[in-house]
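The chain contents come next:
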Amino acid sequence: MIDSDDMQQPAPRRNRVLDALVRAERKVFTRPAPKSAKAQMKFLLTRSKGSSKALAERLGVSRRTVERYRAGKLTTPQKRLQATLVEETESEWQPQVRAQAREQASTFSGMMVEVTAYFGFTCTGSSDDGRIRTITTPISPIYAKQILELQEAGATEEDLHPIVAEAITESYFTEWGTRAAGLRADFTHVQSIDFQF
């Protein structure tokens, strides 16, 4: 008989904050990214300066496969290739639009965040125990800039948590420094998070 503990495997580590930042960027697209495999291959080939060899290596397929999709001889990729095509296309799509949104968030507008996570607190005399909360609050441009710079520098999920928690503390818990001086909030067990430029 198989023990139920043996059947349970640890859940894969999720990059919820990093994924949320990527989704936020993709929401600012002014035109939809190419949807068909042929259109995606043509677009990615232009981004690879026409090198089908470089694109094939990037996608993990043969050069011949790239050529066949580009020519329209193949139209329905397997799930792995389909997911890779979508990811690679969207990561390259409208770089100037994404850059403008990031610049505006870093200098002027900041970002909105909606997060459901376990928030714990550090503060003298605090009696508020940590718990799961759903919070929607703006993030100032100063913190937006730090978060986006960390993301660009290749920060890990664990690197981003403290700065996101600090940004949420500033706007939500201390109301931009008007109350609860010295409060520090940390969050763990992020169930969901979304950013909006």
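Being a predicted model, the structure only gives us computed values, none of them experimental.

### What to know about the overall build of the protein
Looking only at helices and strands, one finds nine helices and three strands in the protein. The N-to-C order of helical and strand elements in the protein reads α-α-α-α-α-α-α-β-β-α-α-β. Expressed as a percentage of its 197 residues, the buried residues of the protein come to 39%. The long-range fraction of contacts in the protein, counting pairs at least 24 apart against all pairs at least 6 apart in sequence, stands at 68%.

### Thoughts on the environment of Ser-51
Here Ser-51 shows up in the loop between α3 (37-47) and α4 (52-59). The class for Ser-51 is partly exposed, based on a relative accessible area of 26%. Ser-51 sits twelve residues away from Arg-63 along the chain, and the two C-alpha atoms are 9.3 Å apart.

### Observations concerning the side chain of Ser-106
In this fold, Ser-106 is placed in helix α7 (residues 95-109). According to the relative accessible area criterion, Ser-106 is buried, its value standing at 16%.

### Structural notes on the environment of Phe-29
With respect to the helices and strands, Phe-29 occurs in the loop between α2 (16-26) and α3. Judged by relative accessible area, Phe-29 falls into the buried class, the value being 17%. Sequence separation of Phe-29 and Glu-90 is 61 residues, and the distance between their C-alpha atoms is 9.4 Å. Those residues within four positions of Phe-29 in sequence are excluded, and the remaining contacts are Glu-90, Trp-93, Gln-94, Val-97 and Arg-98.

### Notes on the nonpolar core
Counting 31 residues, the largest nonpolar core has Val-115, Phe-119, Val-164, Ile-168, Ile-193 and Phe-195 as its most contacted members. Looking at this core, the elements that each hand over two or more residues are α2, β1 (111-122), β2 (131-139), α8 (141-152), α9 (157-173) and β3 (184-196). With seven residues, the top contributor of residues to this core is α9. Not counting residues within four places of it along the chain, the set of residues in contact with Phe-195 comprises Val-17, Ala-20, Leu-21, Ala-24, Lys-27, Met-111, Met-112, Val-113, Ile-139 and Val-164. Counting residues in hydrophobic clusters, the runner-up holds 16 residues, among them Leu-45, Ala-56, Val-61 and Tyr-69.

Rules of the game
- Residues numbered from 1 in each chain as written.
- Predicted model: local features only at pLDDT ≥ 70, side-chain atom pairs only at ≥ 80, totals over all residues.
- Heavy atoms only, no water.
- Helix = DSSP H or I, 4+ residues; strand = E, 2+ residues; numbered from the N terminus.
- Buried < 20%, exposed > 50% of the residue type's maximum accessible area, 1.4 Å probe, protein only.
- Contact = heavy atoms within 4.5 Å.
- Core = buried A, V, L, I, M, F, W, Y, C linked by side-chain atoms within 4.5 Å.

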